[in-house]
Every structure is written in structure tokens, then in C-alpha cells.
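Overview (structure and organization)
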Amino acid sequence: MAFVTRFAPSPTGPLHLGHAYSAMLAHDMAQAGGGTFVLRIEDIDRSRCRPEWENQLIDDLNWLGIFWDTEPLRQSDRVGMYSQSLDKLWADGLIYPCNCSRRDIEAALSAPQEGTELPAGPDGLIYPGVCRNKNHQRTVSERTSRPADANLRLNVSRVTVDESFERRFDISTGGWQWFASYRETGIGPLGNSGLIEFSPEDIETQVGDFVIARRDMGTSYHLSVVLDDAAQRITHVVRGADLTEATKIHVLLQRLLGLPTPIYHHHRLIRDENGKRLAKRDDARALSKYRAEGATPADIRRMVGL
Ligand code: GLU
């Protein structure tokens, strides 16, 4: 089987040991399998991305011995592609505008007893559907043009009656069961690898109507990542276990947009001495700092346990 993997950093800060681990692991896996390694610059959040971070990350990766087989894909060049997919979802009545703020959502969700936690999933608070219901009342002709000045949410309750899920007969309940699945070779939702399945109810209760396009970006991480993985013909996604829970969203979007689902390999996260996962602002673990102190790529490999 072909093996094409990628590293997809956002140039919003310096690469740290966690990025180095992710990139080296993906690169090692591609080399071991006689496969291909590609780079993608995830720069949809123009307000936070800087060209100097992009130059620095390319320099750091090359220093680690990581090179790519094709020209990197830059998300900021792909806004037209994202827009086309949104047009299709809009025409199918699967997305709706929503300008609820976080505070609006908290108020709509607010639990009767104080101290009760609000329901949250991989994309933040589970949206209670305030604007979905408003949109349902519109007629089809009122929905002909997609607004550019609103966030757009996916109506997951509509998706579940679409063709995104497969169906099998469950002998124990004597009824049909709907499910979608993907293959995980690393850390799945329960720490497990193998075939990971989820149901329409899992999407409704654990994810909800997530934002598929932010009004300031014209897309979202989720939409861009599935379209770009397909465009780069990625067969194996190697990335941190912090994205394990988001994978259901990605598989759902792949089904909806008729895209292939790659195999996923979610890897362990590199943590600091207090067990906290490294963050971009954690300059103390920036690769550039280790480089300035005279570390070699072999030292970095040892530090991250490769
Ligand atoms: N751009 C994301 C990040 O820097 C990675 C997304 C992915 O690998 O799917 O965390």
C-alpha cells in the first residue's frame, strides 16, 4: 500500500520538542515504508501567522534532517477550494449562519445548578442549536446566498440522515445500527488502536454543531485539514494524540464531501517535567534554543525518545 504522510505546522510561533517529535516520527515512518513525506503550512489564521515563523520552521526541519518530496502546500492559497466546498454544503442545506458569542452559548447552556460543568467536546462547548432552529424556519429561497459575515455551523442532525454512515443489523437489539469508522494505528479515543467506530448519536452528543467556517477566515481547521489531506493524497495522518477526539469530525466531513479517509496514527505528546504538554509560547523548549546551545539533531532525538 502507498504511504504518504505529512507534517502540518502552523507558523504562529517557534517549533518545540513536541513538533520535532511529530515531524521526525512521520518522516521516519515514511522512510521505513519507502513512502513519501510532504509539508503543509497551516496558515489560515492570518492574524497569528508570521512569515518569519515559517522561515524558521523550515530551517529547523531541514536542520533535523527532514526534507519533503513535493512543494509544500500553503492553506492561504486554498481559500477558493474551501469556499467551493462550503457552497456545496450550503446548497445542500447542511450549514447555517451563527453569530452567537461564547457568552451567548454559555447562557443558552447554563446549567440549573451552579458548578455543573457545561457540555464540551473536541471543538469546545456543545452548541445548543439556537441559530439552527432559526434557520430551519427559513424557506429554501431565503437560503440562496451564503452570508460572508457570519460563522457557519454544520447541522449535524441533518448529516446523520445523510449518507455519511453505514448500517448493519444488530442481533442483540434486533434493530439497525448506524456507524462510521476509521483505522487507528496509534492512540485512539480509549487509548486503543484498531478499527474505531462512532455513531450519529456520538456526533450529536459529543461534538454538536461545530463551526465549519469562521467569518474571519472563511474556513476552519477541520474543513481545511480534510480537504488538504485529500489534495495531498495523504494515506497516513501522523499527529499528536491531542487531535484524537477531533478525528470523528474529520471522518464525518470526509464522508460528507466524498473524500477518502486516511489511516490515523495519533502519537504520545511530549510533556514538560510537570507533565504539561508543550505549547507554542513555551520558548524554553524551542528547537532554536537547543540549537543555539549546541545540541545536535541526535540529541533532540534522544530527548524525545526516538
Ligand atoms: N496545524 C496543526 C497544529 O499545528 C496540526 C494539524 C494536524 O496535524 O492535523 O497543531
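Structural notes, computed from the coordinates. Computed from a prediction, not measured in an experiment: that's the story for all the values here.

In terms of burial, helix α9 (residues 247–257) is a largely internal element, 10 of the 11 residues being buried. Listing the buried residues of α9 in full gives Thr 247, Lys 248, Ile 249, His 250, Val 251, Leu 252, Leu 253, Gln 254, Leu 256 and Leu 257.

If you check the shell around the ligand, you find Arg 6, Ala 8, Ser 10, Glu 42, Tyr 221, Val 225, Arg 239 and Leu 243 and nothing else. The contact in question runs from a nitrogen atom of the ligand to an N or O atom on the side chain of Glu 42, over 2.6 Å. Interatomic distance of 2.8 Å between a side-chain N/O atom of Tyr 221 and an oxygen atom of the ligand. Protein coverage of the free-state accessible area of the ligand, which is 300 Å², stands at 77%. Taking a 2 Å distance to the grid points as the criterion, the majority of the atoms of the ligand fall inside the largest pocket. Class assignment for the residues of the shell around the ligand results in 4 nonpolar, 1 polar and 3 charged.

Spatially, the 3 strands line up as an open sheet ordered β4-β7-β11, and their pairing is antiparallel. Each edge of the sheet is formed by a strand with only one pairing partner; in this case those strands are β4 (95–98) and β11 (211–213). Put simply, the sheet's adjacent strands are angled 45° from each other on average, direction ignored. Across 4 bridges, the pairing between β4 and strand β7 (residues 151–154) is antiparallel. Pairing of Pro 97 across the sheet is with Leu 152, part of β7. Packed onto the sheet, helix α3 (residues 79–91) meets β4, β7 and β11 and runs at close to 100° relative to β4.

This structure, assessed with the given rule, holds 23 salt bridges. Residue Arg 255 pairs with Glu 166 through a salt bridge whose shortest N-O separation is 3.1 Å. Remark: Glu 166 occurs in strand β8 (residues 166–170) and Arg 255 occurs in helix α9; sequence separation between them is 89 residues. A residue is classified by how much of its surface remains accessible, and Glu 166, at 37% relative accessible area, is partly exposed. Among the salt bridges present, the one from Lys 289 reaches Glu 293, with a minimum N-O distance of 3.2 Å. By relative accessible area, which is 32% here, Lys 289 ends up partly exposed. Salt bridges sharing common partners tie together Arg 6, Arg 40, Glu 42, Arg 78, Asp 228 and Asp 229.

Looking now at unusual backbone geometry. In the Ramachandran plot, Arg 233 falls in the positive-phi region, its phi being about 55° despite a non-glycine side chain. As for its position among the elements, Arg 233 is in the loop between α8 (221–231) and β12 (236–240).

Let us now look at the packing of aromatic side chains. For the structure shown, the criterion picks out 3 aromatic pairs. Centroid distance Phe 165 to Phe 198: 6.1 Å. Interplanar angle 85°. Geometry classified as edge-to-face. Pair noted here: Phe 165 is in the loop between α6 (156–159) and β8 and Phe 198 is in strand β10 (residues 194–198), with a separation of 33 residues, a long-range link. By relative accessible area, which is 5% here, Phe 165 ends up buried. The interplanar angle of 75° and the centroid separation of 5.4 Å between the aromatic rings of Phe 169 and Trp 176 together place this pair among those described as edge-to-face. The cationic tip of Arg 167 hangs over the ring face of Trp 176; the distance from NZ or CZ to the ring centre is 3.9 Å. Cation over ring: Lys 289 sits above Tyr 290, and NZ or CZ is 4.7 Å from the ring centre.

Basis of the calculations
Residues numbered from 1 in each chain as written. Predicted model: local features only at pLDDT ≥ 70, side-chain atom pairs only at ≥ 80, totals over all residues. Heavy atoms only, no water. Buried < 20%, exposed > 50% of the residue type's maximum accessible area, 1.4 Å probe, protein only. Helix = DSSP H or I, 4+ residues; strand = E, 2+ residues; numbered from the N terminus. Near = heavy atom within 4 Å. Polar contact = N/O pair within 3.5 Å; in protein donor to acceptor, adjacent residues only side chain to side chain. Areas by Shrake-Rupley, 256 points an atom, 1.4 Å probe, with all protein chains shown as cover. 1 Å grid on protein atoms, 1.4 Å probe; cavity = no way out; pocket = protein on both sides within 12 Å on 5 of 7 lines; lining within 4 Å. Sits in = over half its atoms within 2 Å of the grid points. Nonpolar A, V, L, I, M, F, W, Y, C, P; charged D, E, K, R; others polar. Pairing = 2+ DSSP bridges. Axes fitted to C-alpha atoms, helices over the stretch in contact; angles between N-to-C directions. Contact = heavy atoms within 4.5 Å. Salt bridge = Lys/Arg side-chain N within 4 Å of Asp/Glu carboxyl O. Phe/Tyr/Trp six-rings, centres within 6.5 Å; stacked < 30°, edge-to-face > 60°. Lys NZ or Arg CZ within 6 Å of the ring centre and 35° of its normal.

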